[in-house]
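Each chain is listed here by its residues.
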Amino acid sequence: MRVPARGIGAAIALFVADQLSKWAVTGPLGIDHLGASQDLTGFFSLRFVPNIGVSLGLLSADSDATRWALVAMTGLIAAGVAVWMTREEHPLDQVALGLVLGGALGNILDRIRFGYVVDFADLHIGEWRPFLVFNVADAAITVGVLVLLVRALLTRDKPRPSVESPHA
């Protein structure tokens, strides 16, 4: 089995950045309870939101059984991404998969430690909030998936010319 160094590096770097950002927001900045927020600009705030579900608030884990089922499900998905990354040849795809893996692991660790995922990044236009509150892991997962989709849909590896026998 080949070790995809770029993908592993991206996963580790993303995991560390995600956990450090969550620590900074909930620790030194004190944005660690419902209602806590800090406006940084007219369109970006830090706002504590404990996310007990997954994307778009789906699959809410509001009991211990559903919490651990969600940990198991996302852990299996992360394991699948890790296997895919070891089989991936293209360096950009390895990095994209590393972003997805690192983000998934960061959110899994939150769910294990706290029972929810720490979300804090709030993009808005005045009072209009077109996006859900998210975190570094969520952003990396989104970017990683978009890179994979764009590469799969818009770029094609050129097929190798077939070598035909001169005696055919």
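This write-up is about the structure you can find in this document. All figures in this text were calculated on a predicted structure; none of them were measured in a lab.

1. Regarding the layout of surface pockets
Estimated volume of the second largest pocket: approximately 160 Å³. Contributing to the lining of the second largest pocket are Gln 19, Lys 22, Trp 23, Thr 26, Asp 32, Phe 48, Asp 110, Arg 113, Phe 114, Tyr 116 and Val 118. Residue assignment for the lining of the second largest pocket shows that the elements contributing at least two residues are α1 (5–26) and α3 (91–114).

2. Here's the deal with the environment of Met 85
Following the sequence through the fold, Met 85 ends up in helix α2 (residues 64–87). For Met 85 and Gly 7, which are 78 residues apart along the polypeptide, the C-alpha to C-alpha distance reads 6.9 Å. The residues contacting Met 85, other than those within four sequence positions of it, are Pro 4, Gly 7, Ile 8, Gln 94, Leu 97, Gly 98 and Leu 101.

3. Details of the packing of α2 against α3
Contact geometry for α2 and α3: axes closest at 9 Å, N-to-C directions at 160°. Overall, the two elements α2 and α3 adopt an arrangement that is roughly antiparallel. Once α2 is placed against α3, the crossing between them reads as left-handed. Residue-level inspection shows Arg 67, Trp 68, Leu 70, Val 71, Thr 74, Gly 75, Ala 78, Val 81, Ala 82, Trp 84 and Met 85 of α2 in contact with α3, the latter providing Gln 94, Leu 97, Gly 98, Val 100, Leu 101, Ala 104, Leu 105, Ile 108, Arg 111, Ile 112, Arg 113 and Phe 114.

4. Here's the deal with the pattern of salt bridges
Applying the stated rule across the entire model yields 6 salt bridges. Put simply, Asp 18 and Lys 22 hold a salt bridge, and the shortest N to O gap is 2.8 Å. Pair noted here: Asp 18 and Lys 22 are both in helix α1, with a separation of 4 residues, about one helical turn. A relative accessible area of 0% places Asp 18 in the buried class.

5. Some words on the packing of aromatic side chains
Scanning all chains against the criterion turns up 2 aromatic pairs. Summarising the aromatic geometry, the rings of Phe 48 and Tyr 116 are spaced 6.1 Å apart at their centres and angled 90° between planes, so their arrangement reads as edge-to-face. Of this pair, Phe 48 sits in strand β2 (residues 44–51) while Tyr 116 sits in the loop between α3 and β3 (117–123); the two residues are 68 residues apart in sequence, bridging distant segments of the chain. For Phe 48, a relative accessible area of 6% puts it in the buried group. Three or more aromatic residues link up through ring pairs in this structure, and these residues are Phe 48, Phe 114 and Tyr 116.

6. What to know about α1
In an α-helix, one turn spans 3.6 residues, which is why side chains three or four residues apart end up on the same side. Counted at 1.5 Å a residue, the expected span for α1 with its 22 residues is 32 Å, and the 32 Å between its end C-alpha atoms agrees. For α1, the full list of buried residues reads Gly 7, Ala 10, Ala 11, Leu 14, Asp 18, Gln 19, Ser 21, Lys 22 and Val 25. Projected down its long axis, α1 carries its buried residues within an arc of 160°, all on one side. Those residues of α1 that are exposed and angled more than 90 degrees off the buried face are Ala 5, Ile 12, Leu 20 and Trp 23.

7. Regarding the sheet that holds strand β1 (residues 37–39)
Spatial ordering of the open sheet is given by β1-β2-β3, a layout of 3 strands whose pairing is antiparallel. Since the sheet does not close on itself, it has two edges, and those belong to β1 and β3, each with one partner. Going from strand to strand, the sheet's axes swing by 25° on average, the running direction of each strand aside. Contacting β2 and β3, α1 crosses the sheet at an angle of about 80° to β3. Taken strand by strand, α3 contacts β2 and β3, and its axis lies near 125° from that of β3.

Conventions and cut-offs
- Residues numbered from 1 in each chain as written.
- Predicted model: local features only at pLDDT ≥ 70, side-chain atom pairs only at ≥ 80, totals over all residues.
- Heavy atoms only, no water.
- 1 Å grid on protein atoms, 1.4 Å probe; cavity = no way out; pocket = protein on both sides within 12 Å on 5 of 7 lines; lining within 4 Å.
- Points joined across faces, edges and corners; volume = space filled by probe spheres on them.
- Helix = DSSP H or I, 4+ residues; strand = E, 2+ residues; numbered from the N terminus.
- Contact = heavy atoms within 4.5 Å.
- Axes fitted to C-alpha atoms, helices over the stretch in contact; angles between N-to-C directions.
- Parallel < 35°, antiparallel > 145°, perpendicular 65-115°, else oblique.
- Left-handed = near helix turned anticlockwise from the far one by under 90°.
- Salt bridge = Lys/Arg side-chain N within 4 Å of Asp/Glu carboxyl O.
- Buried < 20%, exposed > 50% of the residue type's maximum accessible area, 1.4 Å probe, protein only.
- Phe/Tyr/Trp six-rings, centres within 6.5 Å; stacked < 30°, edge-to-face > 60°.
- Expected span 1.5 Å × (residues − 1).
- Arc of directions from axis to C-beta.
- Pairing = 2+ DSSP bridges.

None of the figures reported here should be taken as evidence of function without further support.
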